[in-house]
Amino acid sequence: MQVYTAEFFYIAARSRFVMAKSNAVIKVRPRQIVHRTHGHRHGPITRLMSPSDLGQTLKPFVFLDLFDSEGGSFSGFGWHPHSGIATLTYLWEGSVRYEDTTGAAGFLPAGGIEWFKAAGGAWHGGGAGNSGRSRGFQLWLALPPDQELGPSESIYQEPQDVHAKGPAAVLLGTLGEVSSPLKASSSINYLAVRLKAGETWRYEPPADHTISWIALASGRLAVPEPAEAGELVAFETSNQAIDFRAEADTEFVLGSAASHPYELALGYYSVHTSLASLQAGEQRIAEIKVRLQKEGRL
């Protein structure tokens, strides 16, 4: 006759518990949305983020403009200055004309990128391109102290030079084995994503990227809460992955980054980390303005 000890029954029960636990489905809470906005529209341009609102929470991302010339004329951005920041302009459709004080000028087509690092001070402008409707985003990034008063640069990428991984074009930063040739000021990813209705996609941010947001140019997403065209959605501070499901054909940009640990000193066209650097940047802007006026360009 087999005699079963208390130890035998404990081991058997423990084994069943471990097996049940290993077969259980562990549900992870989706990353939560903490801010939503449709921004403020002025003609064809909608400002979705500025340093006085979400930019304080999402820095180094400090401004985001969605522009769409459908249903009206698009005069463009006109000549204007910047300092302390870099801008990245991306087009989903159409084209825009560009010019800046580094000497660059031309037309930016859909799928192309304008990278304009104003740093210590520069001017640029843009207007309607050579095709009908133009749609896209212009993003402003705050620069760290070691770059905010440095030299300006402008880089223009043709669509064929913008590389993608799956549905995501890598505008800035790295996604898997794909990296942008543009040199970001800090640890930043900026992606342009296209999903067909019913498609799903997961974004796994780098470990230090606790800032994440998306803005939709068209369509509708479930993340898993709904997000719609023209809306900017910001996620809770975390490096948790984000899952997307397209409820319609959708175009959106996604930004993620390590937090910008500096205060924002704000001018009208400038963002710096201190009042002293803001004054230096604005001084340089004023000097360039005098030159542009003498040249008859302002």
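Calculation rules
- Residues numbered from 1 in each chain as written.
- Predicted model: local features only at pLDDT ≥ 70, side-chain atom pairs only at ≥ 80, totals over all residues.
- Heavy atoms only, no water.
- Phe/Tyr/Trp six-rings, centres within 6.5 Å; stacked < 30°, edge-to-face > 60°.
- Helix = DSSP H or I, 4+ residues; strand = E, 2+ residues; numbered from the N terminus.
- Lys NZ or Arg CZ within 6 Å of the ring centre and 35° of its normal.
- Pairing = 2+ DSSP bridges.
- Axes fitted to C-alpha atoms, helices over the stretch in contact; angles between N-to-C directions.
- Core = buried A, V, L, I, M, F, W, Y, C linked by side-chain atoms within 4.5 Å.
- Buried < 20%, exposed > 50% of the residue type's maximum accessible area, 1.4 Å probe, protein only.
- Contact = heavy atoms within 4.5 Å.

Draft legend 1. Region of interest: the packing of aromatic side chains. Enumeration over the complete set of coordinates arrives at 10 aromatic pairs. Where Tyr-98 meets Tyr-156, the ring centres are 3.7 Å apart and the plane angle is 10 degrees; that geometry is what we call stacked. Here Tyr-98 is found in strand 7 (residues 95-100), whereas its partner Tyr-156 is found in strand 12 (residues 153-157), with 58 residues between them in sequence. Within the aromatic cluster, the residues linked to one another by ring pairs are Trp-201, Tyr-203, Phe-244 and Phe-252. In this structure, Arg-47 is placed above the aromatic ring of Trp-140, and the distance from its NZ or CZ to the ring centre is 5.9 Å.

Draft legend 2. Representation of the sheet that holds strand 4 (residues 61-68) in the model. With respect to topology, 7 strands assemble into an open sheet ordered 2-3-4-11-6-9-12, the strand pairing being antiparallel. Since the sheet does not close on itself, it has two edges, and those belong to strand 2 (40-42) and strand 12, each with one partner. Taken over all neighbouring pairs, the strand axes of this sheet differ in orientation by 15 degrees on average, direction set aside. Bridge count for strand 2 against strand 3 (residues 45-49) is 3 bridges, and the pairing is antiparallel. Counterpart to His-40 in the pairing with strand 3 is Arg-47.

Draft legend 3. Quick look at the sheet that holds strand 21 (residues 226-228). Across the sheet, 4 strands lie side by side as 18-23-20-21; this open sheet has antiparallel pairing. Looking at the sheet topology across the chains shown, the edges are occupied by strand 18 (200-203) and strand 21. Neighbour to neighbour, the strand axes of the sheet diverge by 30 degrees on average, direction disregarded.

Draft legend 4. A look at the nonpolar core. Counting 34 residues, the largest nonpolar core has Phe-61, Leu-64, Phe-137, Tyr-190 and Trp-213 as the members making the most contacts within it. Excluding its chain neighbours within four sequence positions, the residues that come into contact with Leu-64 are Thr-46, Arg-47, Leu-48, Met-49, Phe-137, Gln-138, Leu-139, Tyr-190, Trp-213, Ala-215 and Leu-232. Residues Leu-175, Leu-216, Ala-227 and Ala-246 belong to the second largest nonpolar core, which totals 22 residues.

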